[in-house]
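A structural walkthrough
If you want the building blocks of each chain, they are given just below.
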Amino acid sequence: TLDERLRRTQLIAHETAHMWFGDYVTMEWFDDVWTKEVFANYFAARMTEPLFPDINHMLNRMKAHTSAAMSEDRTEGSTSIRQPLDNLANAGLIYGQTIYNKAPVVMDKLVEIMGEEAFRAGIQEYLTTYAYSNATWNDLIAILDRRCDEDLASFSDVWVNQRGMPHISLLLNDGKLRISESDPLGRGLHWPQTFTVDIVAGNTTTRHEVVMHGEEVTLEIGNADYIIPNSDGRGYGLFILGDNDRAALLTHYATIANEVTRQATIMNLRELYEANYISNEEWLSALIRGLGTERNALIASTLVGYVAEPLSALRSAEAEAELYAMSQSHTLVSCQQQLLRMLMQVTTSHDVCNKLYTLWHEAKHPLLNVNDYMTLAYELSLRFPERYDTIATTQRERITDEDRRRKFDFIIRSVNPSVEAQERLFEELLEPENRRIEPWTATVISYLSHPLRDRESAKYIYVGLSELREVQRTGDIFFPRNWVGALLENHRTKEAYDELKRWLGDNPDYPQLLRNKILQAAHPLLRVQQ
């Protein structure tokens, strides 16, 4: 898909950029590890853009950076971009969406303040001054500050040194739009930034630029049917709307002609859903309606990615049938493929499950590859436990690559319908030598904790969290987050919530960096149960 081609190119560009940011100039200590990652991602985007001239790259940066950053920043485990680090053994725990994706968002805001030319000259001076040496973020800010009239130190303090994101409320009343900012963590912080608001009145849309420096902003806008906040996508935060404006956007977002505005609006609605301003029913209905008419491949993939959560929560046979039909007929072939891959993992209706079984059994769908059929084998085994042995044997015989067969043999055990077999497998993974191939291990944990097993798998939470420090000690730097993600992200039940709270209560002095990873992974569960 287009998303996959963009990610592949950006990955190569990201690692190439480390030749300058990370190698040529190296951070002084790992509390500034983000300084190499922010530039690697920031310049990776700039290096990739000329290779895809037909892509709306502002839209793609919002999708790749802003949306990913908010997925972590909205959680109770959110962190600042720059984090204190007392021991290099914990350096891996600093990495995450905040470093990789919020930091480039902040860098865009910094460039916006300075201007492209001044920023480029400042970066050139930074690289020349600290070539083959070490530098801190403050060293860079000092260089950039000399080329800018704004107070970059204050800007840096709130955006880089503080965690979380602003809540921006927009209230329309008597021809006036009042825009106010608040700090959800009660620190009284203000995030300086600029974004636009579109005012829709009949067939006319007017755009207003809003400069936020903490003070309340009031716009005289006259008559309006509804407003579109952050219409240029430059803003960062939760944009809170009145009931009428929120309902209008849910109804009309798919008709917004400007692609950046449409993507920004979908992302804003997603944040309102995550903050429980929008119900599962409202959100699922709006997403399906938008998918039916969407013709931009990147926006369509955003919608498919968002539809899984409300669809899984509601388990609506009617919605699943509609989405399956769309997976066979949507104008965008990439959207057909993404819908199929999404449905594999969340569908529960008997009719769609049978259709997916037929696809797997025939094994000739033009949009599915061997990895998709392996995934289907795992998922179908959960939905048709009486066919587990047949599915496992048949799929294994189809796999010709030895490494891929080893992967299948490792993971297929996790969908065995025998509860005793599941429990033995989980116990095995508590031994480091049995989880050496960590991506496979995370997949196994996620299937043991599958939504279709949500109540009985809550028993793994306490033991799995108790193993986390050992997982950190014996594993790759990213494995702790992947371990707790696989353990927690599928859970929504009261039983799982009680187990999580029991463990947190029993471990009040747990290391904060690891605790953050737990709270980030637990966000979907906490959102539903708190």
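Quick summary incoming for the structure in this document.

What counts, and at which threshold
- Numbering of residues starts from 1 in each chain and follows the order in which that chain's sequence is written.
- Only residues with pLDDT of 70 or above have their local features reported here, since the model is predicted, and side-chain atom pairs are shown and tallied only from 80 upward, although totals for entire chains, interfaces and linings are computed over all residues.
- Each side-chain value is worked out from all heavy atoms of the structure, with water and hydrogens disregarded.
- The helix and strand labels rest on DSSP assignments: H or I over at least four residues marks a helix, E over at least two residues marks a strand, and numbering proceeds from the N terminus.
- Based on C-alpha atoms, the radius of gyration is set beside the globule rule, defined as 2.2 Å times the residue count to the power 0.38.
- Categorising residues by exposure relies on relative accessible area from a 1.4 Å probe, with only protein chains included: less than 20% of the type maximum marks a residue as buried, more than 50% marks it as exposed, and the intermediate range marks it as partly exposed.
- One requirement defines pairing of two strands: DSSP has to find at least two bridges between them.
- Here the axes come from fitting lines to C-alpha atoms, over the contacting stretch only for helices, and the angles between their N-to-C directions go from 0 to 180 degrees.
- For Phe, Tyr and Trp, rings pair up if their centres lie within 6.5 Å, where Trp contributes its six-membered ring, and each pair is then called stacked (planes under 30 degrees apart), edge-to-face (over 60) or tilted (otherwise).
- We count a charge as sitting over a ring when the NZ of a lysine or the CZ of an arginine lies within 6 Å of the ring centre and within 35 degrees of the ring normal.
- By definition, residues are in contact when any of their heavy atoms lie within 4.5 Å.
- In what follows, roughly perpendicular refers to angles from 65 to 115 degrees, roughly parallel to angles under 35, roughly antiparallel to angles over 145, and oblique to any angle outside these ranges.
- Charged means Asp, Glu, Lys or Arg here, nonpolar means Ala, Val, Leu, Ile, Met, Phe, Trp, Tyr, Cys or Pro, and polar covers whatever is left, Gly included.
- Whenever a carboxyl oxygen of Asp or Glu lies within 4 Å of a side-chain nitrogen of Lys or Arg, that contact is scored as a salt bridge.
- Summarising the geometry, the arc corresponds to the directions from the helix axis toward the C-beta atoms.
- In this tally Asp and Glu are treated as negative and Lys and Arg as positive; neither His nor the chain ends contributes.

1. A word on the overall build of the chain
Helix and strand counts for the chain come out as 25 helices and nine strands. For 530 residues, the compact-globule estimate of 2.2 N^0.38 gives 24 Å, and the C-alpha radius of gyration of the chain, at 24 Å, lies within 12% of that figure. Seen through its principal axes, the chain has C-alpha atoms that stretch 70 × 60 × 50 Å. Scored against the burial criterion, the 530 residues of the chain give a buried share of 56%.

2. Some remarks on the sheet that holds strand 8 (residues 226-228)
Taken in spatial order, the three strands line up as 6-5-8 in an open sheet, and their pairing is antiparallel. For this open sheet the edge positions go to strand 6 (204-212) and strand 8, each flanked by a neighbour on one side alone. Going from strand to strand, the sheet's axes swing by 30° on average, the running direction of each strand aside. Summarising the sheet, strand 5 (residues 193-201) and strand 8 pair through three bridges and their orientation is antiparallel. In the strand pairing of strand 8, I199 is matched with I227.

3. Overview of the pairing of strand 6
Two strands pair when backbone bridges link them, and strand 5 and strand 6 are joined in this way by nine bridges, in the antiparallel orientation. Note that in strand 6 the partner of Q193 across the bridge is M212. Hairpin geometry of strand 5 and strand 6 is characterised by an intervening segment of two residues between the two adjacent antiparallel strands and by a positive phi of about 65° at G202.

4. Quick notes on the packing of aromatic side chains
With the rule as written, the count across this model stands at 24 aromatic pairs. Ring geometry for Y24 versus Y132: centroids 4.9 Å apart, planes at 80°, classification edge-to-face. Placement of the pair is Y24 in the loop between helix 1 (2-17) and strand 1 (25-27) and Y132 in the loop between helix 5 (116-129) and strand 2 (133-135), with a sequence separation of 108 residues. Overall, the relative accessible area of 25% leaves Y24 in the partly exposed class. Between W283 and Y306 the ring centres are 6.2 Å apart and the planes differ by 35°, which places this aromatic pair in the tilted class. Within this pair, whereas W283 is found in helix 10 (residues 280-293), its partner Y306 is found in helix 11 (residues 297-314), the two being separated by 23 residues in sequence. Each member of the aromatic cluster is reached from another via a ring pair, and the members are F21, F39, Y42, F43, F119, Y126 and Y130. Its end group placed over the ring of Y273, R527 keeps NZ or CZ at 4.2 Å from the ring centre.

5. Some words on the sheet that holds strand 4 (residues 176-182)
Backbone hydrogen bonds hold the strands of a sheet together, and the pairing may be parallel or antiparallel. Read across the sheet, four strands follow the order 7-4-3-9 without closing on themselves; strand pairing throughout is mixed. What marks the edges here is a single partner per strand, and that holds for strand 7 (217-220) and strand 9 (238-241). On average, each strand axis in the sheet is inclined to that of its neighbour by 20°, with strand direction left out of account.

6. Section: helix 7 (residues 152-160)
Given 3.6 residues per turn, any residue in an α-helix points the same way as the ones three and four places further on. For helix 7, the full list of buried residues reads L152, F155, S156, V158, W159 and V160. For helix 7, the elements touching its buried residues are helix 2 (34-48), helix 4 (97-114), helix 6 (137-145) and strand 5.

7. Here we look at the packing of helix 15 (residues 370-383) against helix 16 (residues 388-398)
Two numbers describe how helix 15 lies on helix 16: the axes approach to 9 Å, and their chain directions differ by 170°. On the basis of the axis angle, helix 15 is roughly antiparallel to helix 16. In this structure, helix 15 contributes Y373, M374, A377, L380 and S381 to the contact, and helix 16 contributes Y388, I391, Q395 and R398. Taken together, the residues of the contact of helix 15 with helix 16 break down into six nonpolar, two polar and one charged.

8. Details of the pattern of salt bridges
On inspection of all chains with the given rule, the structure shows 40 salt bridges. Across the pair E467 and R435 runs a salt bridge whose closest N-O atoms are separated by 3.1 Å. Taken as a pair, E467 in the loop between helix 20 (459-466) and helix 21 (468-474) and R435 in the loop between helix 18 (419-429) and helix 19 (438-448) lie far apart in primary sequence, 32 residues in all. There is no split in this pair, since E467 and R435 are both buried. A network of salt bridges, in which partner residues are shared, links R74, R270, E271, E274 and R527.

9. Side note on unusual backbone geometry
Phi is mostly negative for residues that are not glycine, and the peptide bonds are mostly trans. One non-glycine residue, R315, lies in the positive phi region at around 50°. Counting through the fold element by element, R315 comes out in the loop between helix 11 and helix 12 (317-329). Classification of R315 by relative accessible area gives partly exposed; the value is 40%.

10. Structural notes on helix 20
When helix 20 is considered as a whole, its buried residues turn out to be Y460, I461, G464 and L465. Each buried residue of helix 20 sits inside an arc of 120° when the element is viewed along its axis, so together they form one side. On its buried side, helix 20 packs onto helix 18, helix 19, helix 21, helix 22 (479-488), helix 23 (494-506) and helix 24 (512-521).

11. Looking at the pairing of strand 4
The side chains of a regular strand alternate between both faces of the sheet. Two strands pair when backbone bridges link them, and strand 3 (residues 167-173) and strand 4 are joined in this way by seven bridges, in the antiparallel orientation. The partner of H167 across the bridge, within strand 4, is S182. Joining the antiparallel neighbours strand 3 and strand 4 is a turn of two residues, in which D174 adopts a positive phi near 50°.

12. Considering the environment of H65
By the secondary structure assignment, H65 is in helix 3 (residues 57-73). Using a relative accessible area of 8% as the deciding quantity, one classes H65 as buried. Along the chain, H65 and P104 lie 39 residues apart, while their C-alpha atoms are 7.0 Å from each other. Apart from residues lying up to four places away in sequence, H65 is in contact with N41, A45, N101, P104 and V105.

13. A short note on the environment of L144
Inspection of the secondary structure assignment puts L144 in helix 6. The sequence separation of L144 and E125 amounts to 19 residues, and the corresponding C-alpha distance is 9.1 Å.

14. Comments concerning the packing of helix 20 against helix 22
One can describe the packing of helix 20 onto helix 22 by two numbers: an axis separation of 10 Å at closest approach and a directional angle of 170°. The orientation of helix 20 relative to helix 22 falls into the category roughly antiparallel. Contacts from Y460, I461, G464 and L465 of helix 20 reach helix 22 at W483, V484, L487 and L488.

15. Digging into the side chain of E438
Note that E438 resides in helix 19. The buried charged residue E438 lacks any salt bridge partner; its closest oppositely charged side chain belongs to R435, at an N-O distance of 6.6 Å. Contacts of E438, omitting those with residues within four sequence positions, involve T474, G475, D476 and F479.

Purely geometric numbers; function is a separate question.
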